[in-house]
Amino acid sequence: MTAGDLFLQQAINGLSLGAMYSLLALGFTLVYGIMELINFAHFNVFMVGSMIAMLTLQAFGLSGQQTILTGLPLVGVLLVGFAVSMVGCGLIGVAIERFLLRPLRSVKGPAAMITTIGVSYILFNLVLLTLGTDSKNFPNPLPSISWEIGGAVLRMREVLIWVIALVLMGGLTYFVTYTKLGKAMRATAQDPEAARMMGVEVDQVVMSAFFLGSALAGASGMIFGLYYNLAKVDIGFAAGLRAFTAAVLGGIGNVPGAMLGGVLIGLIESGSGQLIGAAWSDVVIFGILVLVLVFRPAGLLGRLAPNKS
Amino acid sequence: MTATATVHPSAALNHQQRSLLLAALAFIFFTLLPQFWDNDGDLDSLANAMSYATLALGLNIVVGFAGLLDLGYAAFFAIGAYYYGIFTSFQVMPPWSDSWAPLAYVGLVEKINQGGPDLVHFTLSFWIALPTGGLVAAFFGMLFGLPVLRLRGDYLAIVTLGFGEIVQICARNLDWLTNGAAGLNGVQGPKLFGYRFGVHAEPYYYVGLVLVAFLVFVSFRLRGSRIGRAWMAIREDETAASAMGISLVNYKLLAFALGAAFAGMTGVFFIAKLQTATPEMFNSAVSSMLLVMVVLGGMGSVWGVVVGAILLQLMQTWFLPQMTVWIHDLGKMTGIAAFGHVDMVQWTQLIFGVILVLMMLFRREGLIPAVRRVAPLSMEQQTAHVVRGGFQGLDKIGRWTPGTGTALDIKDVVVKFGGLVALNKVSLQVPEGGVVAVIGPNGSGKSTLFNVITGLVEANSGSIKFQGVELLGLAPHQVLENGVARTFQNIRLFSNLTVLENVLIGEHARLTTGPFGAVIRPPSVIKEESRATEWAMNIIAMFGNRLTPRWDQPVTALSYANRRRVEIARAIASRPKILLLDEPTAGMNPAESLELAEQIKSLHELGLTILLIEHKLDVVTRLADNVIVLDHGDKIAEGLPDVVRKDEEVLRAYLGRSGGH
């Protein structure tokens, strides 16, 4: 491989990781934009999403990478996989919001954040106790079609991941830009007080933010499985830290910002993995987070969160 | 003065004494424990529990006192541990040269030979490492803290989470320094006058006990001092804290560094006891366990976190294993095989999560709350004895010399928020000893004017001079140090603190006690504290008995009007030269407004220059020598109250007489 091919290959990998991080970052950004809350539960909602996706695919009799599907069955299985993991995670998100966070909404201080940390442990350990710590073989029914571009390999799974991520992000953009509820969400992010006075139902807005964010985390969990062919109980932390960094990098609260940030973080990760070594990629990502927060807290596209001062 | 102060703050000593007595009893009990409980395993568990208690005490300073959510606290534990480990084990051995000889002479290193060239073996004494480990960790605490402590609290949480992870990654991957995942071996145990601690738990138990006692003592001393009040003020309301003269960055750094120092010392102790160090000992599970200990016991509650630490340790080392045995027995009795495979110890983290969630939902103040409940007032105490000024006890407020010139000189100040011009070239003067009122409709820029004077908002251009000192560019706490104190339109008190504590925080900038003074409490500090309390009580008494009987109540328990009064008292406590009052009578009934207007007038007669935002024109007319009218960021009128009241432009702005714009 020449340096150019290597670069291209890492760009392909980075874009796929980036698609996953973007979807996950959207969940952070939606909730933060509306409530100014870092939702630590999101880390493990993502992990649970990947487990739900795995169990769903296994329910179709798929295991490992032996069973390859094509045509309509493939599309059907993937659609059901995404639908179940997204709805499942969405409902978990709604439950967290409705039962554990809503009672705390008027409480000042770190109570809500501590609750999400607690929920994160609970999700993690429930999966740990039921499914164990071992790395699981994530069923992957995609045919191993790939194309060679110069010296780099573009696999079908990467194209698929890009397409799915683009569809979901396009859908979300449409939702927040044009629908009534989406506009209400943006209004609440700007000024919750004013939005309420204009008749926006804040409960509904917060709940939709949790549903959408968590559903995207579910999709992201399924993509993780399809990309790495594995599911594991401790994947939440690293992916979540990257996604949160992506959200901050793009400008927290900012929907296009989360998408851009996710792609950049994906590219940075694959690049730094190549250059410095994978063991240190957490340090690199984290360094970026600190640098952005210190020098450009508004992120690349500008922060969009309620101003509570 | 008819105020009936039934309980004076000196009575609060009773509470402290009770607390002290309890501590002494607990200390004696635990000191004697090994005499009648001679089980090495249990003592070992207790010594571990004490390590976690010291860690929880340190985290409590950061999270409980200063309100900084630190999710990577185990990093400092690791730093202390590896510091001691590296300097007593055979991990790092530079080649010997004679320049090491002086260190060898004092016993910090020794020359060894493992077949090859001579090498240096570090032999740092435990007793030196214990305090210096604290210092090293504190250094890293400041290093980590400096870039991120300016961030909002919620970002701090995720950044500290990352720091915790990075320190662990370093421990795992810097093989030459830490021996990687295998960990450091051959860490030396402590020696005392030739006695080697060895592997028995008892000596470690005593060291742990002394450490806990010491850190409990330090925590209490800090909490009841100027330092502790500053932290709690930051925890309750950063903006108000900085406006009351507290340097946010300095005090956050101090909390971070002290918390880290506690952890570093514990790290030294922990590793000396185990005589090995692996990265897993400091993983995020430890940070999360410590957070659970603090939350369970009560954030900010010293006894609470000690109890929380001991409870969780008991749960992990005794209760869960014991419960596993019971369930297994139950399985045998009932013949249900599934019970035989249950291992409750694996549930630990799940239980942690459940504890966090349940505590936040149902008992946020923790098992032993930091805030004491206060008895309700008697009817007699609740009866208002109104004082309409005529203050005597406050004559220490500085006097102005009439007609000496301009106190506050604001020139062409422009403040823009994005495209919105909040203040457009506003100029105004407040003469020494004057009372100037700023009026104007909502959104006219009045509060922005106060914010820009006090450093909460940056000006785009212009100048604000107070007694010749340029205030623009100063941090809020520096503005206060220059003698400018303010209140806020939407009252910003330190909610979970008492009336007295709120007013004492107002004095922050005029007191000098540092962290060492707060802990050692020499006569000078005791004197300063009692003077500060006396001054605060004098100010509280300014409002008749409205606040005096309530000095020990949390401000959340007060009525709206009383909260306004506390805010004014807090501002006056800082011995300001000029007082900025933002709608002081908002929400008060006419009688209360008048009462307060008289009191403000009395303060003015005592020597305060006053700049006032007010809507009630009768109050303005009663107080002000000069009125400034703002509208949409422009100054549209200025003059005597009666003149301004009749000004066409003002009437239009206020009442829309000539049909708006």
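Residues numbered from 1 in each chain as written. Chains lettered and ligands numbered in written order. Predicted model: local features only at pLDDT ≥ 70, side-chain atom pairs only at ≥ 80, totals over all residues.

## Digging into the overall build of chain B
The following threshold applies: What counts as a helix is a DSSP run of H or I of at least four residues, what counts as a strand is a run of E of at least two, and both are numbered from the N terminus. For every residue, the other C-beta atoms within 10 Å of its own C-beta are counted; 20 or more classify it as buried, 12 or fewer as exposed, and values in between as partly exposed. C-beta atoms are placed from the backbone. By the convention adopted here, residues are in contact when the distance between their C-beta atoms, placed from the backbone, does not exceed 7 Å.
The helix and strand inventory of chain B stands at 25 helices and 14 strands. Projected onto its principal axes, the C-alpha coordinates of chain B cover approximately 95 × 60 × 55 Å. Each of the 661 residues in chain B was classed as buried or not, and the buried ones make up 47%. A separation threshold of at least 6 residues defines the contact pool for chain B, and within that pool the share at least 24 residues apart is 76%.

## Concerning the domain arrangement of chain B
All names here are of chain B. Condition: Note that the domain bounds reflect an automated or database-derived domain assignment.
Segmentation of chain B into domains returns domain 1 (15-88 + 126-280), domain 2 (91-123) and domain 3 (406-655). Inter-centroid distance (C-alpha atoms) of domain 1 to domain 3 is 41 Å. Listed per partner, the contact involves 21 residues of domain 1 and 28 residues of domain 3. Elements that contribute at least two residues to the side of domain 1 that touches domain 3 include exactly α8 (201-223), α9 (226-236) and α10 (238-243). For the side of domain 1 that touches domain 3, the element with the most residues is α9, which contributes seven residues.

## Quick notes on the sheet that holds strand β5 (residues 406-417) of chain B
Residue and element names in this part refer to chain B. Test applied: Should DSSP find at least two bridges between two strands, the strands are taken to pair. Every angle, taken between N-to-C directions, lies between 0 and 180 degrees, and every axis is a line fitted to C-alpha atoms, over only the stretch in contact when it is a helix.
The four strands lie next to each other as β6-β5-β8-β9, forming an open sheet whose pairing is antiparallel. Strands with a single pairing partner mark the edges of an open sheet, and in this sheet they are β6 (420-431) and β9 (469-470). In this sheet, strand β8 (residues 461-466) lies alongside β5 in antiparallel orientation, the contact comprising five bridges. Looking across to β8, one finds that Val414 is bridged to Ser461. Lying over the sheet, helix α16 (residues 446-453) contacts β5, β6 and β8, oriented at roughly 70 degrees with respect to β6.

## A short note on the interface of chain B and chain A
We count it as follows: All amino acids are sorted into three groups, where Ala, Val, Leu, Ile, Met, Phe, Trp, Tyr, Cys and Pro are nonpolar, Asp, Glu, Lys and Arg are charged, and the leftover types, Gly among them, are polar.
Counting from both sides, the interface comprises 30 residues of chain B and, opposite them, 30 residues of chain A. Contributing elements (two or more residues each) for the side of chain B that touches chain A: α5 (126-148), α6 (153-173), α12 (284-297) and α14 (348-362) of chain B. In terms of residues, the side of chain B that touches chain A owes the most to one element, α6 of chain B, which gives 11 residues. The residue inventory of the side of chain B that touches chain A, partitioned by class, reads 18 nonpolar, nine polar and three charged.

## Points about the sheet that holds strand β13 (residues 626-631) of chain B
Residue and element names in this part refer to chain B. Within the open sheet, the six strands sit side by side as β10-β11-β12-β7-β13-β14. Their pairing is mixed. Sheet topology places β10 (484-486) and β14 (634-639) at the edges, where each strand pairs with a single neighbour. Between one strand axis and the next, the sheet turns through 20 degrees on average, direction left out of account. Strands β7 (435-439), β10, β11 (578-582), β12 (609-613) and β13 of the sheet are contacted by α16, whose axis makes an angle of about 145 degrees with β11.

## Side note on the confidence of the model for chain A
Low pLDDT means the predicted coordinates in that region are not meant to be read closely. Note the threshold: Per residue, pLDDT measures the predictor's confidence, with a range of 0 to 100.
Per-residue confidence for chain A gives a mean pLDDT of 90, with 98% of residues at or over 70. Highest mean pLDDT in chain A belongs to helix α2 (residues 41-59) of chain A (96); lowest belongs to helix α7 (residues 192-197) of chain A (85).

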